[in-house]
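Geometric and topological summary
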Amino acid sequence: MTSTLPPGTVAGPAGASAPAPMPAFPAAALPAPAQPTTAPSRVREQLAARYAAQHRRRTWAADTLQVLAWMVVVLPIGLRLHDGGWSALTASAAGLMRGVGILTGLVATSAMVLMLWLAARVPFIDRTLGHDRALALHKALGQWTFGGLVLHGVYLVTGYAMADQLSWSAEFATLWGVGDFVLAVVATGLLAVVAVTSVAAARRRLGHEVWQGIHLVTYAAILLALPHQFSLGGLFAEGPAHWFWLALWGATFFVLLTHRVLVPLFASAEHRLRVSAVTWETPDTVAIEMTGRRIAQLGIRPGHFAHFRFLQGGLWWHQHPFSLSAAPHKDTIRITVRMLGEGTRRLASTLRPGTPVLIEGPYGVFTDAARTAPDVVLVGFGIGVAPIRALLEGTDVVPGHATVIVRASSEVEVAHRAELEAWCRARGVRLHVLTGHRGVLADGSASWLPASHLHWRLTDLTGPLTEADVYVCGPAGATELVADEALAAGLPPERLHREEFAW
Ligand SMILES: Cc1cc2nc3c(=O)[nH]c(=O)nc-3n(C[C@H](O)[C@H](O)[C@H](O)COP(=O)(O)OP(=O)(O)OC[C@H]3O[C@@H](n4cnc5c(N)ncnc54)[C@H](O)[C@@H]3O)c2cc1C
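Residues numbered from 1 in each chain as written. Predicted model: local features only at pLDDT ≥ 70, side-chain atom pairs only at ≥ 80, totals over all residues. Heavy atoms only, no water.

- Under the annotation held in an unreviewed UniProt entry, the chain carries the name Ferredoxin reductase family protein and is attributed to Propioniciclava soli.
- Database annotation for the chain, UniProt heading Subcellular location (unreviewed entry): "Membrane".
- Per UniProt, the chain has the following entry under Cofactor (unreviewed entry): "FAD". (UniProt positions renumbered as here; feature names shortened; annotations may be inferred.)

Here it is as structure tokens:
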């Protein structure tokens, strides 16, 4: 059964009491009710045109990136085939083996280069693909790189063994004494360690910091493997391929050094963030305000996240990604942190005002920059409400054509409730606060709704989704359920924006 819901539903277990008003960030930034000057239908048309143009630009940028990525794979193959590779391939069975070995090595190396670019946090790539999609591609390419390098070695040793009429192991032993072969084998071994520890289960067991430390071994493996590309067999000792690879590796190390090291150091030195307030928001959540210099130039906006490192005893040695929970106000930004593990527990309970903060970012496309349509639906589960609260303030809405849905297990867990209500009131946005544990549907599958309201559908709360962007943030299982329902209700896939607080 479907119920007709009044705008601004606050649903929860019967008898739940209303929460006490929360302190606003910063008090002066809370909005006054909107005074419409332009007719909503006209505003909606303007927004539709603006966001459609923005979407076209992003699609064009994504196509450009795809073409560039394919060039990185295809050009080295073309250069190799042109540079004697084709005749070597067709000369003999041993030549065919060696030729295939070289080609798999080239594809694996191209995949490795692309993988590094995807992890380099280059703003153009990050803003076009989204940080999480870039990292998912990085992970997939990691498997191709490792598999390709193993095949490269196997084909080449087989080809040489056939030519020298030796057994595979005898050929391997002979090559052991040649040039940089040992380094290449050690590099493949190191990459095997990285590949195994990146499997989700192993990664979880190791913990984030240990896994990250092991992951840095990738760079050592690349540095060990690089010399053999230019020396073994002399394939790239000269000619266009030599210059192609030198330029590609040079550019790759340059962007890594720039965006992973220099830009964050410069940003922290330039903006000099310090903790200015730490406020308990719910029993397990704190709001942390940080004030610095020239924050507008940092380019951080609602929906963005950044990596923060708090330079205080017991906290400085690990950094965490957190999303803005309000639009930047003058030179102050705010994040809201839920105590999830040991690191966030220590952060929430010991962080003191005055602590200097290092920042890496901003990152992500869970922002207004991903909008494609005039209507908007913002859904936050648990601490996923943080970027939703910021977006509510920072994205354009047409009164009556925007909805915020906040899901939490209980009333007391809803962070920034008073601010959500104030912003929704001021901007003409429907607010639904749905509390209670997630229910189970008649067929045994999980629902994203509270057990008390299983008969609702997403569109009962939001209205039609065909002209809307849907932003949903929270744990993977819950966001997936909302995403599936939204797509089934006719939401075009490019209008679905998901942020999960995990990689
Ligand atoms: C894009 C993004 C935005 C986020 N925004 C917020 C936010 O606004 N508010 C909030 O409370 N939480 C947010 N998180 C989650 C937050 O980063 C983790 O809860 C926190 O890092 C956990 O650290 P811990 O030491 O307490 O827990 P742990 O027990 O060490 O880890 C718990 C989980 O967090 C992951 N994790 C730990 N450290 C990191 C790290 N440095 N980078 C990535 N994942 C890590 C672990 O792999 C594990 O899955 C966000 C996460 C991501 C990826």
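Additional details are given in the paragraphs that follow.
1. A word on the domain arrangement of the chain
- What the domain assignment reports for the chain is domain 1 (10-34 + 372-499), domain 2 (53-258) and domain 3 (269-363).
- Its C-alpha centre places domain 2 at a distance of 37 Å from the equivalent point of domain 3.
- Every contact between the two is made by 4 residues of domain 2 and, on the other side, 8 residues of domain 3.
- In total, domain 2 and domain 3 occlude about 490 Å² of area from one another, counting both sides; carbon and sulfur atoms represent 51% of this.
- For the domain 2 face of the interface with domain 3, the top three residues by lost area are Arg121, His131 and Glu209, together amounting to 78%.
- On inspection of domain 2 and its partner domain 3, the count reaches 1 salt bridge. (Domains from an automatic or database assignment. Contact = heavy atoms within 4.5 Å. Buried area = accessible area lost by both parts, 1.4 Å probe. Salt bridge = Lys/Arg side-chain N within 4 Å of Asp/Glu carboxyl O.)

2. Some details on the UniProt feature "domain: FAD-binding FR-type" (unreviewed entry) in the chain
- Taking the numbering used here, the UniProt-annotated feature "domain: FAD-binding FR-type" (unreviewed entry) corresponds to residues 268-369.
- For residues 268-369, helix accounts for 13% and strand for 41%, while the C-alpha atoms at its two ends are 24 Å apart. (Helix = DSSP H or I, 4+ residues; strand = E, 2+ residues; numbered from the N terminus.)

3. Considering the packing of aromatic side chains
- By the definition in use, this model includes 10 aromatic pairs.
- Here Phe172 and Phe181 contribute two aromatic rings whose centre-to-centre distance is 5.3 Å and whose plane-to-plane angle is 75°, an arrangement assigned as edge-to-face.
- The class of Phe172 is partly exposed, set by a relative accessible area of 27%.
- The class of Phe181 is buried, set by a relative accessible area of 12%.
- By the ring-pair criterion, three or more aromatic residues cluster together here, those being Trp168, Phe172, Trp176 and Phe181.
- Over the face of the ring belonging to Tyr51 we find Arg50, whose NZ or CZ atom lies 5.0 Å from the ring centre. (Phe/Tyr/Trp six-rings, centres within 6.5 Å; stacked < 30°, edge-to-face > 60°. Buried < 20%, exposed > 50% of the residue type's maximum accessible area, 1.4 Å probe, protein only. Lys NZ or Arg CZ within 6 Å of the ring centre and 35° of its normal.)

4. What about the UniProt feature "transmembrane region" (unreviewed entry) in the chain?
- Feature annotation in UniProt assigns "transmembrane region" (unreviewed entry) to the following positions: residues 60-79, 99-120, 141-161, 181-202, 214-237 and 243-267.
- The span residues 60-79 is 100% helical and 0% strand by assignment, and the distance between its end C-alpha atoms comes to 28 Å.
- The distance from the first to the last C-alpha atom of residues 99-120 is 32 Å, and the span holds 95% helix and 0% strand.

5. Quick notes on the pattern of salt bridges
- Applying the stated criterion across every chain yields a total of 18 salt bridges.
- A salt bridge links Arg301 to Asp368, with the shortest nitrogen-to-oxygen separation between them at 3.7 Å. With Arg301 in the loop between strand 3 (285-291) and strand 4 (305-310) and Asp368 in the loop between strand 7 (356-363) and strand 8 (375-381), the pair connects residues that are 67 residues apart, well separated along the chain.
- Overall, the relative accessible area of 35% leaves Arg301 in the partly exposed class.
- A residue is classified by how much of its surface remains accessible, and Asp368, at 10% relative accessible area, is buried.

6. Considerations on the nonpolar core
- Counting residues in hydrophobic clusters, the biggest one holds 34 residues, and the most contacted among them are Trp245 and Trp249.
- If you list the elements that add at least two residues to this core, you get helix 1 (40-91), helix 2 (93-119), helix 3 (123-129), helix 4 (131-164), helix 6 (181-197), helix 9 (217-231) and helix 10 (239-271).
- The leading source of residues in this core is helix 2, at 10 residues. (Core = buried A, V, L, I, M, F, W, Y, C linked by side-chain atoms within 4.5 Å.)

7. Quick notes on the side chain of Arg334
- Among the secondary structure elements, Arg334 is positioned in strand 6 (residues 332-338).
- Using a relative accessible area of 2% as the deciding quantity, one classes Arg334 as buried.
- Reaching out from Arg334, the side chain makes a polar contact with the side chain of His416 at a distance of 3.5 Å.
- Separated by 2.9 Å, the side chains of Arg334 and Glu419 make a polar contact. (Polar contact = N/O pair within 3.5 Å; in protein donor to acceptor, adjacent residues only side chain to side chain.)

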